[in-house]
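So the chains spell out like this:
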Amino acid sequence: MNTSQSNNAAQSKTNALRDKFENHKFLTCAGTETYLYFQQGFEMPEFCAFSVFEHPDEIDKLEKDHLSKVLSAAANSGHGLLVDVLVWRAQPDFLKLLGRDPTSEQLRTVHEVAIGRTRAFVDEWREDNGYDADSFPVLIVADVRFVFRVPLLGYQDIEL
């Protein structure tokens, strides 16, 4: 696939995504890292929130004390949710600061763990609370430009 075809495919997926959700209103989380660090006492070296996904007790607390409440608020108000997976600092410079391997493989692993765990929790929460993807849309938001070498969005991971 050449660049033009790739751009056309990406634009087509963007249009389909926009059309699918044009009548939905979405809530979003803001200041999650600040909340986790200052209010919950999570350790985040270099303010790298993705490190939360390396500690099972912190993941559980994130899901129980934050994400489940945000999911409930959005669902109860009839809105969808844009949920951030906390990887905005998962990039080569910050991995180096943490003494980690800044390769694409390591970056991909960090993103896959954060996205996978968040996606699994959202699916579990929906099932436990009587929702499905159509009745309560949740979009996973992640800055994947350092992993997939695209400007802002990894279109290959969007399922319509």
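Structure: above.
Residues numbered from 1 in each chain as written. Predicted model: local features only at pLDDT ≥ 70, side-chain atom pairs only at ≥ 80, totals over all residues. Heavy atoms only, no water.

**A few points about the pattern of salt bridges**
- Per the counting criterion, the structure on display carries 5 salt bridges.
- Residue aspartate 19 is joined to arginine 18 by a salt bridge in which the shortest nitrogen-to-oxygen separation is 3.2 Å.
- With relative accessibility at 41%, the residue aspartate 19 sits in the partly exposed group.
- For arginine 18, a relative accessible area of 49% gives the class partly exposed. (Salt bridge = Lys/Arg side-chain N within 4 Å of Asp/Glu carboxyl O. Buried < 20%, exposed > 50% of the residue type's maximum accessible area, 1.4 Å probe, protein only.)

**Topic: the nonpolar core**
- Ranked by internal contacts, the top residues of the largest apolar core, which has 22 residues, are Leu36, Phe50, Leu62 and Val87.
- Elements with a minimum of two residues in this core: α3 (56-76), α4 (92-97) and α5 (104-129).
- With 4 residues, α5 is the largest single contributor of residues to this core.
- Here phenylalanine 50 is in contact with Leu86, Val87, Arg89, Ala90, Leu95, Leu98, Arg100 and Val110, once residues within four sequence places are set aside.
- Counting 11 residues, the second largest nonpolar core, distinct from the first, contains Ala74, Phe121, Val122 and Trp125. (Core = buried A, V, L, I, M, F, W, Y, C linked by side-chain atoms within 4.5 Å. Helix = DSSP H or I, 4+ residues; strand = E, 2+ residues; numbered from the N terminus. Contact = heavy atoms within 4.5 Å.)

**Focus: the packing of aromatic side chains**
- If you walk through the whole model with that rule in mind, you get 6 aromatic pairs.
- Ring geometry for phenylalanine 21 against phenylalanine 26: centres 5.6 Å apart, planes inclined by 85 degrees, an arrangement best described as edge-to-face.
- A relative accessible area of 13% means that phenylalanine 21 is categorised as buried.
- For phenylalanine 26, a relative accessible area of 24% translates into the label partly exposed.
- Among the aromatic residues, ring-to-ring pairing joins Tyr37, Phe38 and Phe47 into one connected group. (Phe/Tyr/Trp six-rings, centres within 6.5 Å; stacked < 30°, edge-to-face > 60°.)

Read these as layout, nothing more, since geometry by itself doesn't imply function.
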